[in-house]
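Listed below, chain by chain, are the residues.
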Amino acid sequence: MAELLIAGAGPQALALSCQLLQKRPQWRRHLRVVDPTGAWMVRWQRQMQAFEIPWLRSPSPHHPHPNPHALRRYAQDQQRMRELEGPYGLPHTGLFADFCRGVVREFQLAERVQALSVAQIQLGPACPASLQVTLSDGALIQPRRLVLATGMGEPVLPSWVTRIASPYPAEALQHSQTLDLATCHGLLGQHILIVGAGLTSAHLALGALRRGAQVTMLCRRTLRSRPFDADPGWLGPKYLKAFHAEACWRRRHRQVVAARDGGSITPLLAAQLDQMRRRDRLQLHEHGQVQSACWQAGGWQVDCLDGCRHRADRLWLATGQRQGVSQHPLLRQLLDQKPIELINDFPVLTSDLRWPGTNVHLMGGLSALQLGPAARNLFGGLEAAKRIARAAMKA
């Protein structure tokens with residue numbers, strides 16, 4: 001019987017596994033990890049490669065290893081200190097990936113991931129804390145605890161997309177979740193219209209520009225630049241002390257939304273985009289919102305609410321992913337069996353990130369009401385790992 005079943009094999013799941021094994025090495029034989037890829041960090045690596053992201057937005061102490069200095073020490077030992085950028089030591093993508101592979105070896109976790117997924121969760125009729133989990137291969141298991149660390153939800157498609165009546169080629173309209181710059185051929189001389197104002201839109205814009213495209217970025221508001229997703233005060237007690245003292249879940253949710261504030265780009269990316277604007281290769285349409293789009297004569301005609309009209313060969317949507325219980329099939333199963341309080345589709349979890357009345361824990365963005373605005377980042381993953389590991393070891 002597995003003491004702990006983890007669904008997902010990304011950075012947060014790795015952080016939890018390391019926290020547990022540092023304290024309880026003997027748990028290795030009781031730890032089971034399932035992920036459709038069958039290996040650690042594969043989805044993360046694919047996303048970094050797909051968007052050609054050169055370095056992370058999280059500072060060097062934020063990583064899966066329990067020792068916050070481990071990444072910097074690794075960079076020193078490997079003589080790769082140049083791959084820690086700026087005053088916060090933002091790690092280059094390659095450095096971080098190599099470091100995580102070393103973490104997997106150190107904690108002997110390479111063989112722990114099975115190429116499976118969780119298909120169904122069944123709570124015990126008499127005791128909801130008991131679990132029966134059906135895996136994608138049909139196997140039934142009864143873990144003592146289940147941790148869902150499966151990442152983001154479904155892509156957000158603006159309403160105007162559903163109103164497009166004319167047929168168009170598949171590559172002419174893509175969401176960032178399915179985009180891979182390496183497979184985007186024939187961009188030379190094309191005009192790409194990118195909808196969105198966050199980090200993804202900036203990386204996609206620069207990737208298209210490197211391939212000789214002309215790019216227009218369409219943002220609903222001013223494109224904003226800041227070092228992190230949220231103010232650094234959210235990465236420690238400066239803001240989190242008051243957040244954790246707040247008893248009203250609705251006020252907490254408002255603080256989370258206000259802190260993230262719809263996305264931003266880093267100062268370095270802002271400088272690179274500005275350079276392309278000065279070369280007339282990039283146009284930035286701020287405070288613009290699409291009203292309608294029509295595919296005609298081999299291209300897009302896009303009309304905005306402010307009266308502007310754009311012509312483009314391709315539309316790329318960097319409009320994010322939906323987060324919420326209703327967007328996650330496994331959480332919908334839980335909600336049907338064990339209803340709990342939701343705040344704007346975010347679950348009110350226990351302090352150890354359990355779905356109340358069960359032994360199912362959540363990691364990632366949906367733990368934000370407990371962890372704050374950085375819940376879906378590496379900082380949040382570390383905090384979640386500590387809380388869940390403490391709960392597991394107490395049992």
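Look up: the structure comes first, before these words.
First things first, this report covers the structure right here in the doc. (Residues numbered from 1 in each chain as written. Predicted model: local features only at pLDDT ≥ 70, side-chain atom pairs only at ≥ 80, totals over all residues. Heavy atoms only, no water.)

A few words on the packing of helix H1 (residues 11–23) against helix H12 (residues 378–394). Their axes nearest at 8 Å, the elements H1 and H12 cross at an angle of 40°. Regarding the angle of H1 to H12, the classification is oblique. Read as a crossing pair, H1 and H12 show a hand that is right-handed. Contacts from Pro11, Gln12, Ala15, Leu16, Gln19, Leu20 and Lys23 of H1 reach H12 at Leu378, Gly380, Gly381, Leu382, Ala385, Lys386, Ile388, Ala389, Ala392 and Met393. Partitioned by chemical class, the residues of the contact of H1 with H12 number 11 nonpolar, four polar and two charged. (Axes fitted to C-alpha atoms, helices over the stretch in contact; angles between N-to-C directions. Helix = DSSP H or I, 4+ residues; strand = E, 2+ residues; numbered from the N terminus. Parallel < 35°, antiparallel > 145°, perpendicular 65-115°, else oblique. Left-handed = near helix turned anticlockwise from the far one by under 90°. Contact = heavy atoms within 4.5 Å. Nonpolar A, V, L, I, M, F, W, Y, C, P; charged D, E, K, R; others polar.)

Here we take up the packing of helix H2 (residues 42–50) against helix H4 (residues 93–106). At their nearest, the axes of H2 and H4 sit 11 Å apart, and the two run at 170° to each other. In terms of their interaxial angle, H2 and H4 are classed as roughly antiparallel. Counting all contacts with H2, which are made through Trp44, Gln45 and Met48, the residues of H4 involved are Thr93, Phe96, Ala97 and Arg101.

Turning next to the sheet that holds strand E16 (residues 309–312). One open sheet accounts for three strands, arranged E14-E15-E16; its pairing is antiparallel. A strand with exactly one partner marks an edge of an open sheet, and here the two such strands are strand E14 (290–296) and E16. Between one strand and the next, the sheet's axes are offset by a mean angle of 20°, whatever the strand orientation. Where strand E15 (residues 299–304) lies against E16, four bridges are found, and the strand directions are antiparallel. The residue of E16 that forms the bridge with Asp303 is Arg309. (Pairing = 2+ DSSP bridges.)

Once that is clear, we can look at the sheet that holds strand E11 (residues 191–195). The five strands lie next to each other as E10-E17-E11-E12-E13, forming an open sheet whose pairing is parallel. Lying at the two open borders of the sheet, with one neighbouring strand each, are strand E10 (173–175) and strand E13 (282–285). Strand-to-strand twist across the sheet, computed as the mean angle between neighbouring axes with direction ignored, equals 20°. Judged from the five bridges that link them, E11 and strand E12 (residues 214–218) form a sheet pairing that is parallel. What sits directly across from His191, in E12, is Gln214.

Burial along strand E9 (residues 145–148) is two-sided: the residues Arg145 and Val147 and Leu146 and Leu148 are all buried. Of the strand pairs in this sheet, strand E1 (residues 4–7) and E9 are connected by four bridges, and their pairing is parallel. From the neighbouring strand, Leu4 faces E9, where its bridge partner is Arg145. (Buried < 20%, exposed > 50% of the residue type's maximum accessible area, 1.4 Å probe, protein only.)

Taking 1.5 Å of rise per residue, the 12 residues of helix H9 (residues 267–278) would be expected to cover 16 Å, and the 17 Å separating its terminal C-alpha atoms lies within 8% of that figure. Residues of H9 that are buried: Leu269, Leu273 and Met276. Down the axis, H9 shows its buried residues gathered within 55° of arc, on one side only. Looking at the buried side of H9, the elements it contacts are helix H6 (199–210), E12 and E13. (Expected span 1.5 Å × (residues − 1). Arc of directions from axis to C-beta.)

Next up on the list: the nonpolar core. In this structure, Leu16, Trp40, Val118 and Trp316 are the most contacted members of the largest nonpolar core, which totals 111 residues. Considering each element in turn, this core owes the most residues, nine residues, to H12. Counting 17 residues, the second largest nonpolar core, distinct from the first, contains Leu173, Leu193, Ala312 and Leu317. (Core = buried A, V, L, I, M, F, W, Y, C linked by side-chain atoms within 4.5 Å.)

Further remarks concern the environment of Gln301. Take Gln301: it is sitting in strand E15. A residue is classified by how much of its surface remains accessible, and Gln301, at 15% relative accessible area, is buried. Remark: the alpha-carbon pair of Gln301 and Leu90, spanning 211 residues in sequence, is separated by 40 Å. If we ignore the near neighbours within four places in the chain, the residues touching Gln301 are Ser292, Ala293, Cys294, Gln296, Arg309, His310 and Arg311.

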